[in-house]
Amino acid sequence: MVRRTKSEALATRNSLLDAAEQLFQERGVSRTSLNDIATAAGTTRGAIYWHFKDKADLFNAMMERVTMPLEATLASAAESASSTREPLEGLRHSMMNALRQTALDAQTRRVFEVATHKVEYVTEMQAVRDRHLRVRNECMAMTRTAMTEAARRVDLALPVDEATAALGLHVMVDGLIQNWLLDPDAFDLVTAGGQTIDAYLRGLGFSLPR
């Protein structure tokens, strides 16, 4: 058997992930077999098991290759909260970046659509559910950190506790993205999303420039 170079192995891995993205979006995860992915990638089922333990492992690798919007941007908001920068501005900037990345980056949009509309948390995909919960909890914690510090900086008593305020913002942005993915022509994700985020933050008592 001919030993493959690292670059060749990486190319095969990426071709498998590319094929998985396309097939998962077209057929859904449960209706796409590993053999389907191997065929579309022009390789063998054995090549999949060389790179991935199972379908869930392949799915999570696909997710990690494209950093999800809320994962990517909330880390910077939490960092802002612990620095001298304005935490509310950092939080809002992070949420807006998430909307822009979803609306403008085709691969992010494709993977996000698969993750939200094309996967079932059946037994073989338990690792995918576990990852989803872990990321959700991390995002919630970072949102809470940034919002708590933002309120402290301006001596604002929030009308609800910090955990509830963070939950409301998180599910609102997540819901905006999921509804937009169902029908991208229904509304402008960035414009409508920004207006909705600002209305929510003002409702909590924060002052924002018009």
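Residues numbered from 1 in each chain as written. Predicted model: local features only at pLDDT ≥ 70, side-chain atom pairs only at ≥ 80, totals over all residues. Heavy atoms only, no water.

On to the packing of aromatic side chains. Across all of its chains, the model carries one aromatic pair by this definition. Judged by centre distance (5.9 Å) and plane angle (40 degrees), the ring pair of Phe24 and Phe59 falls under tilted. Here Phe59 lies in helix α4 (residues 55–65) and Phe24 lies in helix α1 (residues 6–27), a separation of 35 residues in the sequence. The pair formed by Phe24 and Phe59 is uniform in burial state, with each residue classed as buried. (Phe/Tyr/Trp six-rings, centres within 6.5 Å; stacked < 30°, edge-to-face > 60°. Helix = DSSP H or I, 4+ residues; strand = E, 2+ residues; numbered from the N terminus. Buried < 20%, exposed > 50% of the residue type's maximum accessible area, 1.4 Å probe, protein only.)

Taking 1.5 Å per residue as the helical rise, helix α8 (residues 126–153) with its 28 residues ought to reach 40 Å, and the 41 Å between its terminal C-alpha atoms agrees with that figure. Among all positions of α8, only Val128, Arg131, Val135, Cys139, Met140, Met142, Thr143, Ala146, Met147, Glu149, Ala150 and Ala151 are buried. Phi for Asp155, located one or two positions after α8, is positive at around 55 degrees. (Expected span 1.5 Å × (residues − 1).)

Turning to the packing of α8 against helix α9 (residues 162–182), a few remarks are in order. In the contact formed by α8 and α9, the axes pass within 9 Å of each other and the chain directions differ by 120 degrees. Of the possible angle classes, the one that applies to α8 and α9 is oblique. For the crossing formed where α8 meets α9, the hand is right-handed. Where α8 abuts α9, its residues Arg136, Cys139, Met140, Thr143, Arg144, Met147 and Thr148 lie against Glu162, Ala163, Ala165, Ala166, Leu167, Leu169 and His170. Across the contact of α8 with α9, the residue classes tally to eight nonpolar, three polar and three charged. (Axes fitted to C-alpha atoms, helices over the stretch in contact; angles between N-to-C directions. Parallel < 35°, antiparallel > 145°, perpendicular 65-115°, else oblique. Left-handed = near helix turned anticlockwise from the far one by under 90°. Contact = heavy atoms within 4.5 Å. Nonpolar A, V, L, I, M, F, W, Y, C, P; charged D, E, K, R; others polar.)

Here we come to the pattern of salt bridges. Across all of its chains, the model carries 11 salt bridges by this definition. Among the ionic pairs, Arg27 bridges to Asp36, the shortest N-O distance being 3.1 Å. With relative accessibility at 25%, the residue Asp36 sits in the partly exposed group. Measuring nitrogen to oxygen at the nearest pair gives 2.5 Å for the salt bridge that ties Asp198 to Arg92. Taken together, the residues span a long stretch of sequence, with Asp198 in helix α10 (residues 189–203) and Arg92 in helix α6 (residues 87–104) at a distance of 106 residues. Given the relative accessible area of 12%, Asp198 is considered buried. (Salt bridge = Lys/Arg side-chain N within 4 Å of Asp/Glu carboxyl O.)

In this structure, Phe24, Ile37, Ile48, Leu58, Phe59 and Met62 are the most contacted members of the largest nonpolar core, which totals 26 residues. The set of elements that each furnish at least two residues to this core consists of α1, α2 (34–41), α4 and α7 (106–117). Residue contacts for Leu58: discarding those within four places in its chain leaves Leu17, Ala20, Phe24, Leu34, Ile37, Ile48 and Phe52. Core analysis: the next-biggest nonpolar cluster, separate from the first, contains 25 residues, Ala165, Leu176, Ile177 and Leu181 among them. (Core = buried A, V, L, I, M, F, W, Y, C linked by side-chain atoms within 4.5 Å.)

What follows deals with empty space enclosed by the protein. Across all of its chains, the model carries one cavity of 30 Å³ or more by this definition. Here the largest cavity defines a volume of roughly 30 Å³. Along the walls of the largest cavity sit Val29, Ser30, Lys55, Val119, Glu120, Val122, Glu124 and Met125, which together make up its complete lining. Grouping the constituent residues of the lining of the largest cavity by class yields four nonpolar, one polar and three charged. (1 Å grid on protein atoms, 1.4 Å probe; cavity = no way out; pocket = protein on both sides within 12 Å on 5 of 7 lines; lining within 4 Å. Points joined across faces, edges and corners; volume = space filled by probe spheres on them.)

This brings us to the side chain of Thr32. When you line up the elements, Thr32 lands in the loop between α1 and α2. The buried category is assigned to Thr32, whose relative accessible area is 1%. In terms of polar contacts, Thr32 uses its side chain to reach the backbone carbonyl oxygen of Gly28, at 2.8 Å. If sequence neighbours within four positions are ignored, Thr32 has contacts with Leu23, Phe24, Arg27, Ile37 and Lys55. (Polar contact = N/O pair within 3.5 Å; in protein donor to acceptor, adjacent residues only side chain to side chain.)

Attention now moves to unusual backbone geometry. Phi is positive for Asp155, which is not a glycine, with a value near 55 degrees. Within the element layout of this structure, Asp155 appears in the loop between α8 and α9.

It is worth spelling out α7 at this point. In an α-helix, one turn spans 3.6 residues, which is why side chains three or four residues apart end up on the same side. With 12 residues, α7 should cover 16 Å at 1.5 Å per step; its first-to-last C-alpha distance of 16 Å lies within 8% of that length. Along α7, the residues that are buried comprise Thr108, Arg110, Val111, Phe112, Glu113, Val114 and Ala115.

Turning to the environment of Ser94, a few remarks are in order. Mapping Ser94 onto the fold places it in helix α6. The exposure class assigned to Ser94 is buried, which follows from its relative accessible area of 1%. As for Ser94 and Thr143, which are separated by 49 residues in sequence, their C-alpha atoms are 9.8 Å apart. Within the structure, Ser94 has its side chain in polar contact with the backbone oxygen of Gly90 (distance 2.8 Å).

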